[in-house]
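A structural walkthrough
Residue-level listing of the chains:
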There are 2 protein chains.
Amino acid sequence: MIAKSQRHWTGDVQDLLRAGDGFALADVDPRATPGYEQDKVQAAEDLEAGVAQLSEYQERLYARSRVDATHASVLLVLQAMDSAGKGGIIRHVVGAVDPQGIDLAAFKKPTPEELEHDFLWRIERRLPEPGIIGVFDRSHYEDVLIGRVRRLAPADEIERRYGAINEFEKRVTDAGTRVVKVMLHISPEEQKERLMERLDRPDKHWKYNPGDVDERELWPQYMAAYQTVFERTSTTYAPWYVVPADRKWYARLAVQHLLLEALEDIDPQWPAATFDVAVEKQRLAAS
Amino acid sequence: MIAKSQRHWTGDVQDLLRAGDGFALADVDPRATPGYEQDKVQAAEDLEAGVAQLSEYQERLYARSRVDATHASVLLVLQAMDSAGKGGIIRHVVGAVDPQGIDLAAFKKPTPEELEHDFLWRIERRLPEPGIIGVFDRSHYEDVLIGRVRRLAPADEIERRYGAINEFEKRVTDAGTRVVKVMLHISPEEQKERLMERLDRPDKHWKYNPGDVDERELWPQYMAAYQTVFERTSTTYAPWYVVPADRKWYARLAVQHLLLEALEDIDPQWPAATFDVAVEKQRLAAS
């Protein structure tokens, strides 16, 4: 039995970060640390402690799926403006557990083949197998974010997609997948600093894209598109969580916690042996 | 520039472990630690130091592929008898670097769809993209190992496969992928201990398969099949390395070193900026 991962949290993280009724993105302070009053040093310790928990949960989830006909899995959906820290979450939160239990899918600009299909086609193909923690680095939400801001599809098609997403996620969660949807929320000021750092360091130049500055000009439009996403697709079965991300250490700890909560909710137990242990010990000893 | 990762190695690891002309698997002591005379504690320190190096190489390799039209990638092929430690290598060696730069493919018993195609069909589909370190947990070699021992295909088809594998690997390496083929070599006595431990621990029961004991009866046949694999498919462009694996700490350090050597050989450099850095700083500052 794994102890409930409360640690230094002073409130219910899910409640504090959920984009529920009346949620307004404009009211969220990207520098805030909701439910956590400790500093960066303590956060690093808490993150480390959480790694061990997450690892055990992941192994139990995987073990269970190998033996039982359970379809339980977890899907972490990460959305954010550029440089908000998706990569750091993948590296330091997800990357801390056994890679054999993780399936990471990065969705980039759709290929010609992908564009020939419905926007959910490429998403469906990358859903996690039973026992796996899937991670979407960007997702079907790009099709109602950049898709909306850049008018990559007609307005009525964009409208259609919100409902299609909800139906899709309902089916996925009914089939046994816990969907944890996270928007990492940074301020434009913090983004400017992070992009400037990429320009200052030759070993980070490859991460910089001149198009990032063009996207910055559309910041208000993107925030409006996110607000609409939360209003239309934050459901009881697949709610959105908005994680303030100007402080990387907070964002990592909060996302780890959301994953832990999802796994505690599944509460996977070690499966019982499907063979007679005593008999097998004899067979093995004699072999 | 990353310092050559010699550390406490007393010899050329590639030379010591390569299955070259006249190689005889029967002469390899699974408890040996070729080229390394330190203990487990020092090995843990050396492994940790290697993680930082491997991480930087991996990021350079990835960065390079994003900017240049380079097709460089690495493919680690892991083969072994059950419980030899493939999972530990994946977790502690591969799992220590950024998951965004890793593509892990576990090849299990072929599906009906896979069986409709040539044995290399499913392999080809999982080759690593440029900039990625691919890992095969089992591989096309199963088709000349269990395939041979269990007679899953006619003898002349098995014979055909050795040549097909060499042609395939020649094409893959010519296209820019360094192929690092590793057999983790444990003794049947060590395997017995490890399987017994799985039977002793309820949280490890799910890892135990009664079929493992049946396979143990075929140990000499498997070793003969491996010997044939080394004789037929250890080529200059894709040599086999046989890593003694009774001591997990040695196997992990040795495989990490083989990966480091492959990456040092590629020697990926940070790519130059594809834009005017000064201009971008101005644009960003004004945004």
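Cut-offs and rules
Residues numbered from 1 in each chain as written. Chains lettered and ligands numbered in written order. Predicted model: local features only at pLDDT ≥ 70, side-chain atom pairs only at ≥ 80, totals over all residues. Heavy atoms only, no water. Contact = heavy atoms within 4.5 Å. Buried area = accessible area lost by both parts, 1.4 Å probe. Salt bridge = Lys/Arg side-chain N within 4 Å of Asp/Glu carboxyl O. Polar contact = N/O pair within 3.5 Å; in protein donor to acceptor, adjacent residues only side chain to side chain. Helix = DSSP H or I, 4+ residues; strand = E, 2+ residues; numbered from the N terminus. Nonpolar A, V, L, I, M, F, W, Y, C, P; charged D, E, K, R; others polar. Pairing = 2+ DSSP bridges. Axes fitted to C-alpha atoms, helices over the stretch in contact; angles between N-to-C directions. Buried < 20%, exposed > 50% of the residue type's maximum accessible area, 1.4 Å probe, protein only. Least-squares fit on C-alpha atoms with pLDDT ≥ 70 in both. Phe/Tyr/Trp six-rings, centres within 6.5 Å; stacked < 30°, edge-to-face > 60°. Lys NZ or Arg CZ within 6 Å of the ring centre and 35° of its normal. Parallel < 35°, antiparallel > 145°, perpendicular 65-115°, else oblique. Left-handed = near helix turned anticlockwise from the far one by under 90°. Expected span 1.5 Å × (residues − 1). pLDDT = per-residue confidence, 0-100. 1 Å grid on protein atoms, 1.4 Å probe; cavity = no way out; pocket = protein on both sides within 12 Å on 5 of 7 lines; lining within 4 Å. Points joined across faces, edges and corners; volume = space filled by probe spheres on them.

1. As for the interface of chain A and chain B
- Taken together, the contacts link 46 residues of chain A with 46 residues of chain B.
- Here chain A meets chain B over a buried area of about 4,100 Å², counting both sides, of which 63% is carbon and sulfur.
- The three residues of chain A that bury the most area against chain B are A:Arg91, A:Trp206 and A:Leu284, which together make up 18% of that side's buried surface.
- A salt bridge links A:Asp214 to B:Arg283; the shortest N-O distance between them is 2.7 Å.
- In this structure, the connection of chain A to chain B is made through 18 residue pairs in polar contact (both at pLDDT 80 or more).
- If you list the elements that add at least two residues to the side of chain A that touches chain B, you get α2 (40-67), α3 (86-94), α8 (188-200), α9 (211-217) and α12 (277-286) of chain A.
- Taken together, the residues of the side of chain A that touches chain B break down into 23 nonpolar, six polar and 17 charged.

2. Digging into the sheet that holds strand β1 (residues 73-80) of chain B
Residues and elements named next belong to chain B.
- Strand order in the open sheet made by the five strands is β2-β3-β1-β4-β5, with parallel pairing throughout. Bordering the open sheet on either side are β2 (102-106) and β5 (240-244), each of which pairs with just one other strand. Across the sheet, the mean angle from the axis of one strand to that of its neighbour is 20 degrees, orientation sign disregarded.
- With five bridges connecting them, strand β4 (residues 177-185) and β5 associate as parallel partners. Bridge assignment links valine 182 to a residue of β5, and that residue is tyrosine 241.

3. Observations concerning the environment of B:Val255
Residues and elements named next belong to chain B.
- With respect to the secondary-structure elements, valine 255 resides in helix α11 (residues 248-266).
- Assessed through its relative accessible area of 0%, valine 255 is described here as buried.
- The residues touching valine 255, leaving out its near neighbours within four places in the chain, are Leu76, Ile89, Val182, Leu184 and Val243.

4. Comments concerning the pattern of salt bridges
Residues and elements named next belong to chain A.
- As enumerated under the stated definition, the model contains 50 salt bridges over all chains in all.
- Residue glutamate 157 is joined to arginine 161 by a salt bridge in which the shortest nitrogen-to-oxygen separation is 2.8 Å. Taken as a pair, glutamate 157 and arginine 161 lie in helix α7 (residues 155-174) at a separation of four residues, close to a single helical turn.
- What makes arginine 161 buried here is its relative accessible area of 10%.
- Here the residues in one salt-bridge network are Asp118, Glu157, Arg160 and Arg161, joined through shared partners.

5. A few points about the relation of the copies chain A and chain B
- Of the transformation placing chain A onto chain B, the axial shift is 0.0 Å and the rotation is 180 degrees, giving an RMSD of 0.0 Å. Between the two chains, the operation in question is that of a two-fold axis.
- When you check the interface residues of chain A against chain B, 100% turn up at the interface there too, and the contact is symmetric in its surfaces.

6. Some points on the packing of aromatic side chains
- Within this structure, the stated rule accounts for 20 aromatic pairs over all chains.
- Taking the centre distance of 5.7 Å and the plane angle of 75 degrees together, the rings of A:Trp206 and B:Tyr62 count as edge-to-face. With one member in each of two chains, A:Trp206 in the loop between α8 and α9 and B:Tyr62 in helix α2 (residues 40-67) form a pair that bridges those chains. When sorted by exposure, A:Trp206 lands in the same class as B:Tyr62, which is buried.
- Between B:Trp9 and B:Tyr250, the ring centres sit 5.9 Å apart and the planes meet at 70 degrees, which makes this aromatic pair edge-to-face. With B:Trp9 in the segment before α1 (13-17) and B:Tyr250 in helix α11, this residue pair connects regions lying 241 residues apart in the sequence.
- In this structure B:Tyr250 comes out as buried when scored by relative accessible area, which is 0%.
- What links up through ring pairs into an aromatic cluster is the set A:Phe23, A:Tyr141, A:Tyr226, A:Phe230 and A:Trp240.
- Above the plane of the ring of A:Phe119 lies A:Arg161, whose end atom (NZ or CZ) is 5.1 Å from the centre.

7. Let's talk about the packing of α2(A) against helix α11 (residues 248-266) of chain A
All names here are of chain A.
- α11 packs onto α2 with a crossing angle of 30 degrees between their chain directions and a minimal axis gap of 9 Å. Between α2 and α11, the interaxial angle falls into the category roughly parallel. As α2 runs across α11, the sense of the crossing is left-handed. Between α2, through Lys40, Ala43, Asp46, Leu47, Gly50, Val51, Gln53, Leu54, Tyr57 and Leu61, and α11, the contact on the second element is made entirely by Trp249, Arg252, Leu253, Gln256, Leu259, Leu260, Leu263, Glu264 and Ile266.
- Split into classes, the residues belonging to the contact of α2 with α11 amount to 12 nonpolar, three polar and four charged.

8. Comments concerning helix α10 (residues 219-233) of chain B
- Over its 15 residues, α10(B) runs 21 Å from end to end, which matches the ideal 21 Å to within 8%, given 1.5 Å per residue.
- Among all positions of α10(B), only B:Trp219, B:Tyr222, B:Met223, B:Ala225, B:Tyr226, B:Gln227, B:Thr228, B:Val229, B:Phe230 and B:Thr233 are buried.

9. What about the confidence of the model for chain A?
- Across chain A, pLDDT averages 95, with 98% of residues at or above 70.
- Among the scores for the predicted complex, ipTM is 0.91 and pTM is 0.94.

10. Thoughts on the sheet that holds strand β3 (residues 133-137) of chain A
Residue and element names in this part refer to chain A.
- Taken in spatial order, the five strands of this open sheet run β2-β3-β1-β4-β5, and their pairing is parallel. Each edge of the open sheet carries a strand with a single partner, namely β2 (102-106) and β5 (240-244). The sheet shows a mean angle of 20 degrees between the axes of neighbouring strands, direction not considered.
- Each of β1 (73-80), β4 (177-185) and β5 is contacted by helix α10 (residues 219-233), which is oriented at about 155 degrees to β4, the strand it contacts most.

11. Concerning the layout of surface pockets
- Considering only enclosed or pocket space, the second largest pocket measures out at about 550 Å³ in volume.
- Mapped onto the lining of the second largest pocket, the elements with two or more residues apiece are α2 and α3 of chain A together with α2 and α3 (86-92) of chain B.
- Top element by residues in the lining of the second largest pocket is α2(A). It accounts for five residues.
- Counted by class, the lining of the second largest pocket contains 12 nonpolar, five polar and seven charged residues.

12. Structural notes on unusual backbone geometry
- The backbone phi angle of A:Ser83 is positive, close to 70 degrees, even though this residue is not glycine.
- Take A:Ser83: it is sitting in the loop between β1 and α3.
- The phi dihedral of B:Arg151 is positive, around 50 degrees, even though this residue is not glycine.
- For B:Arg151, the location among the structural elements is in the loop between α6 (146-149) and α7 (155-174).

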